[in-house]
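Chain residues, written in single-letter form:
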Amino acid sequence: MSITQVIHDGALALPLQFGGDLIGLAILFVVLALIAAVAGASGVAGLSMSIAKWLVIIFIVLAVVTFIL
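Here is what the cut-offs are and how they apply
Residues numbered from 1 in each chain as written. Predicted model: local features only at pLDDT ≥ 70, side-chain atom pairs only at ≥ 80, totals over all residues. Heavy atoms only, no water. Helix = DSSP H or I, 4+ residues; strand = E, 2+ residues; numbered from the N terminus. Buried < 20%, exposed > 50% of the residue type's maximum accessible area, 1.4 Å probe, protein only. Contact = heavy atoms within 4.5 Å. Areas by Shrake-Rupley, 256 points an atom, 1.4 Å probe, with all protein chains shown as cover. Expected span 1.5 Å × (residues − 1). pLDDT = per-residue confidence, 0-100.

**With respect to the overall build of the protein**
The helix and strand inventory of the protein stands at two helices and two strands. Of the regular secondary structure in the protein, the N- to C-terminal order runs β-β-α-α. Per-residue burial for the protein yields a buried fraction of 12% across its 69 residues. In the protein, the proportion of contacts linking residues at least 24 apart, taken out of those at least 6 apart, comes to 35%. Carbon and sulfur atoms make up 75% of the accessible area of the protein, which amounts to about 5400 Å² in all.

Shown next as structure tokens:
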């Protein structure tokens, strides 16, 4: 992940957005959960769905904060 750095009047400014990796990871965990469910590993499937759910929640919260700011 690369962060674009801008120097303005001697100060370093970093952007608030760092990429769209959260939603990509959430999709990855959902796919992993579906594969684990088909394979019969219910523990892995449940954990993967839980992680995907939290990643989507964090993504939505950060998106709302970004739109407000």
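From this point, things continue past the structure.
**Quick look at helix α1 (residues 21–39)**
One full turn of an α-helix is made of 3.6 residues, so residues set three or four places apart face in the same direction. Taking 1.5 Å of rise per residue, 19 residues should cover 27 Å, and α1 covers 27 Å from first to last C-alpha, within 8% of that figure. Next to the buried residues of α1 lie α2 (42–68). One or two steps after α1, the chain reaches G40, where phi turns positive at roughly 95°.

**Quick look at the environment of D21**
As for its position among the elements, D21 is in helix α1. On the accessibility criterion, D21 (43% relative accessible area) is partly exposed. Through-space distance from the C-alpha of D21 to that of L55 is 9.7 Å; in sequence the pair is 34 residues apart.

**Some points on the confidence of the model for the protein**
This prediction gives the protein a mean pLDDT of 77; 71% of its residues lie at or above 70. When pLDDT is averaged over each element of the protein, α2 comes out on top at 88 and strand β1 (residues 6–8) at the bottom at 53.

**Quick notes on α2**
Here α2 spans 39 Å end to end across 27 residues, near enough to the 39 Å set by a 1.5 Å rise per residue. Residues A45, S48, A52 and L55 constitute the buried set of α2.

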